[in-house]
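# Structure assessment
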Amino acid sequence: MARLLLINGPNLSLLGQRQPELYGHTTLKEIETRLTQLAEERHHELLCYQNDAEHELLKRIHAAREESIELILFNPAAFTHTSIVLRDALLAVGIPFIEIHLSNVAAREDFRQQSFFSDIAIGTVAGFGITSYELALIAAERHLEAA
Ligand code: DQA
């Protein structure tokens, strides 16, 4: 049994309505419900959090240290490409994390080619829509089992 935290960054609260051709028709609530169910089936606990503000995400990452979170599943959204603050927060708390993207960022604009997280993540899952989240949860479980 592991305690996991799912964090979603800015604009992901609009999933379902936001550029569905890129991000699909599934809402964030549906993603959170699906992942929570998948975690429960596997006897893990999953906490879910979304915020648009960098400092709130920073505070959530800091708080995870006090909550025995073993691994973070993180879609930093646009902060992927900009946030040294959130990179430093993850390094500071030392909680392993998996970077998630719905879209295949490698096939998108030049400014999305840089991630401030990929080199410090356990790994990155991108391009599979909601399945990216499901694959990341399974990868998290395998990583913790092997640790
Ligand atoms: C995203 C990709 C980011 O480049 C973008 O800013 C997002 C969503 C994804 O899940 O595909 O907001 O993280």
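Since this is a predicted model, take the numbers as computed values, not measurements.

Quick notes on the rules
Residues numbered from 1 in each chain as written. Predicted model: local features only at pLDDT ≥ 70, side-chain atom pairs only at ≥ 80, totals over all residues. Heavy atoms only, no water. Helix = DSSP H or I, 4+ residues; strand = E, 2+ residues; numbered from the N terminus. Buried < 20%, exposed > 50% of the residue type's maximum accessible area, 1.4 Å probe, protein only. Lys, Arg positive; Asp, Glu negative; His and termini not counted. Salt bridge = Lys/Arg side-chain N within 4 Å of Asp/Glu carboxyl O. Polar contact = N/O pair within 3.5 Å; in protein donor to acceptor, adjacent residues only side chain to side chain. Contact = heavy atoms within 4.5 Å. Expected span 1.5 Å × (residues − 1). Arc of directions from axis to C-beta. Phe/Tyr/Trp six-rings, centres within 6.5 Å; stacked < 30°, edge-to-face > 60°. Near = heavy atom within 4 Å. Areas by Shrake-Rupley, 256 points an atom, 1.4 Å probe, with all protein chains shown as cover.

## Observations concerning the side chain of glutamate 99
With respect to the element layout, glutamate 99 can be found in strand E4 (residues 97-101). Arginine 87 provides the closest opposite charge to the buried, unpaired glutamate 99, separated from it by 8.6 Å. Polar contacts involving the side chain of glutamate 99 include one to the side chain of histidine 101, which spans 2.6 Å. Sequence-distant contacts of glutamate 99, defined by excluding residues within four places in its chain, comprise Phe74, Pro76, Thr80, Ser115, Phe117, Ser118, Ala121, Gly123, Thr124 and Val125.

## What about helix H2 (residues 28-41)?
Compared with an ideal rise of 1.5 Å per residue, which puts 14 residues at 20 Å, H2 spans 20 Å between its outermost C-alpha atoms and is within 8% of the ideal. Taken together, the buried positions of H2 are Leu28, Ile31, Glu32, Leu35, Leu38 and Ala39. Angularly, the buried residues of H2 cover 130 degrees about the axis, an arc narrow enough to put them on a single face. Along H2, the residues that are exposed and aim more than 90 degrees away from the buried face are Lys29 and Glu40. Those residues of H2 hidden inside the fold are in contact with strand E1 (3-8), strand E2 (45-50), strand E3 (71-75) and helix H5 (130-146). Downstream of H2 by one or two residues, histidine 43 has phi in the positive range, about 65 degrees.

## Here's the deal with the packing of aromatic side chains
This structure, assessed with the given rule, holds two aromatic pairs. Here the aromatic rings of phenylalanine 74 and phenylalanine 117 are separated by 5.5 Å at their centres, their planes lie at 85 degrees, and the arrangement is edge-to-face. Highlighted residues: phenylalanine 74 in strand E3 and phenylalanine 117 in the loop between E4 and strand E5 (123-126), separated in sequence by 43 residues. Just as phenylalanine 74 is buried, phenylalanine 117 falls in that class too. Taking the centre distance of 6.3 Å and the plane angle of 90 degrees together, the rings of phenylalanine 97 and phenylalanine 117 count as edge-to-face. Of this pair, phenylalanine 97 sits in strand E4 while phenylalanine 117 sits in the loop between E4 and E5, and the two are 20 residues apart along the sequence.

## Quick word on the pattern of salt bridges
The final tally for this structure, using the stated rule, is ten salt bridges. The partner of glutamate 56 in a salt bridge is lysine 59, and the shortest N-O contact between them spans 3.6 Å. Residue glutamate 56 and its partner lysine 59 are both found in helix H3 (residues 54-64); the two are separated by three residues, about one turn of the helix. Judged by its relative accessible area of 47%, lysine 59 falls in the partly exposed class. In this structure, the salt-bridge partner of aspartate 119 is arginine 87, at a minimum N-O distance of 2.8 Å. One end of the pair, aspartate 119, is in the loop between E4 and E5; the other, arginine 87, is in helix H4 (residues 84-93), and 32 residues separate them in sequence. Overall, aspartate 119 belongs to the exposed group, its relative accessible area being 55%. Its relative accessible area of 19% is what places arginine 87 among the buried residues.

## A few points about the site of the ligand
Around the ligand, a shell composed of Arg18, Tyr23, Asn75, Ala77, Ala78, His81, His101, Leu102, Ser103, Val105 and Arg112 is seen. Note that an oxygen atom of the ligand is positioned 2.8 Å from one of the side-chain N or O atoms of asparagine 75. Contact between the ligand and histidine 81: an oxygen atom at 2.7 Å from a side-chain N or O atom of the residue. Summarising the interface, the protein chains cover 99% of the accessible area of the ligand, which totals 320 Å² for the free molecule.

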